[in-house]
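Descriptive analysis of the structure
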Amino acid sequence: MRYKLWLMKNIVGCTLKELEHIAAEQGLPKFTAKEMGKWIYQKGARSFDEMTNLSKVAREQLKQNYTIVLSVPEDVKETAVDIADELEEF
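None of these values were measured; they are calculated from a predicted model.

**Digging into the overall build of the protein**
The number of helices and strands found in the protein is 5 helices and 2 strands. Going from the N terminus to the C terminus, the protein shows its helices and strands as α-β-α-α-α-β-α. A burial count over the protein gives 39% of its 90 residues as buried. Summarising the internal contacts of the protein: among those between residues at least 6 apart in sequence, 59% fall at separations of at least 24. Total accessible area computed for the protein in this model is approximately 5,800 Å², and 53% of it derives from carbon and sulfur atoms.

Structure (structure tokens):
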């Protein structure tokens, strides 16, 4: 499992469009992308388990394929601010 983490995509820094693609790829409803974005960029979630408004099945599925790593470069932090602003519009 330790090696699998290196193969898993970190979703921190993903745009809303990228999160929508991830949701679609996992067979999840489109609104899941907005929920993930809110949890990561507004609430500072560090794991999918914290995303309690997503089904347990969805959280497990996401955990199998993606990771949340919050120590990110400055340019990704700027992206997070942009996404948080975009989410505020909804």
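**A few points about the pattern of salt bridges**
Summed over the entire model, instances satisfying the criterion amount to 2 salt bridges. A salt bridge links E60 to K63, with the nearest nitrogen and oxygen atoms 2.9 Å apart. Here K63 and E60 lie together in helix α4 (residues 56–65), a separation of 3 residues that amounts to about one turn. Exposure remark for E60: the relative accessible area of 39% places this residue in the partly exposed category.

**Brief notes about helix α3 (residues 31–42)**
The end-to-end C-alpha separation of α3 is 16 Å, in line with the 16 Å expected for 12 residues at 1.5 Å each. For α3, every residue scored as buried is listed here: T32, A33, M36, G37, W39, I40 and Y41. Of the residues flanking the end of α3, it is G44, one or two places downstream, whose phi is positive at about 70 degrees.

**With respect to the nonpolar core**
Among the nonpolar cores identified, the biggest contains 24 residues, and I11, L19, I22, M36, F48, M51 and L62 are the most heavily contacted of them. Broken down by secondary-structure element, the contributors of at least two residues to this core are α2 (16–25), α3, α4 and α5 (74–88). Looking at this core element by element, the count peaks at 5 residues for α3. Dropping the residues within four chain positions of it, F48 is found in contact with I11, M36, R59, L62, K63, Y66, T67 and I68.

**Structural notes on the confidence of the model for the protein**
Per-residue pLDDT for the protein averages 84, and the proportion of residues at 70 or more is 79%. Confidence scores differ between elements of the protein, with helix α1 (residues 4–7) showing the lowest mean pLDDT of 56 and α2 the highest of 96.

**Description of α2**
Looking at α2, one finds that the buried residues are L16, L19, E20, I22 and A23. The buried residues of α2 occupy an angular sector of 160 degrees when projected down its axis, which confines them to one face. Opposite its buried face, α2 presents the exposed residues K17, H21 and A24, each directed more than 90 degrees away. Two residues or fewer after α2 comes G27, characterised by a positive phi angle close to 75 degrees.

**Overview of the environment of M51**
Tracing the backbone shows M51 in the loop between α3 and α4. Given the relative accessible area of 0%, M51 is considered buried. Along the backbone, M51 and I40 are 11 residues apart, and their C-alpha atoms lie at a distance of 9.0 Å.

Reading guide: rules and limits
Residues numbered from 1 in each chain as written. Predicted model: local features only at pLDDT ≥ 70, side-chain atom pairs only at ≥ 80, totals over all residues. Heavy atoms only, no water. Helix = DSSP H or I, 4+ residues; strand = E, 2+ residues; numbered from the N terminus. Buried < 20%, exposed > 50% of the residue type's maximum accessible area, 1.4 Å probe, protein only. Contact = heavy atoms within 4.5 Å. Areas by Shrake-Rupley, 256 points an atom, 1.4 Å probe, with all protein chains shown as cover. Salt bridge = Lys/Arg side-chain N within 4 Å of Asp/Glu carboxyl O. Expected span 1.5 Å × (residues − 1). Core = buried A, V, L, I, M, F, W, Y, C linked by side-chain atoms within 4.5 Å. pLDDT = per-residue confidence, 0-100. Arc of directions from axis to C-beta.

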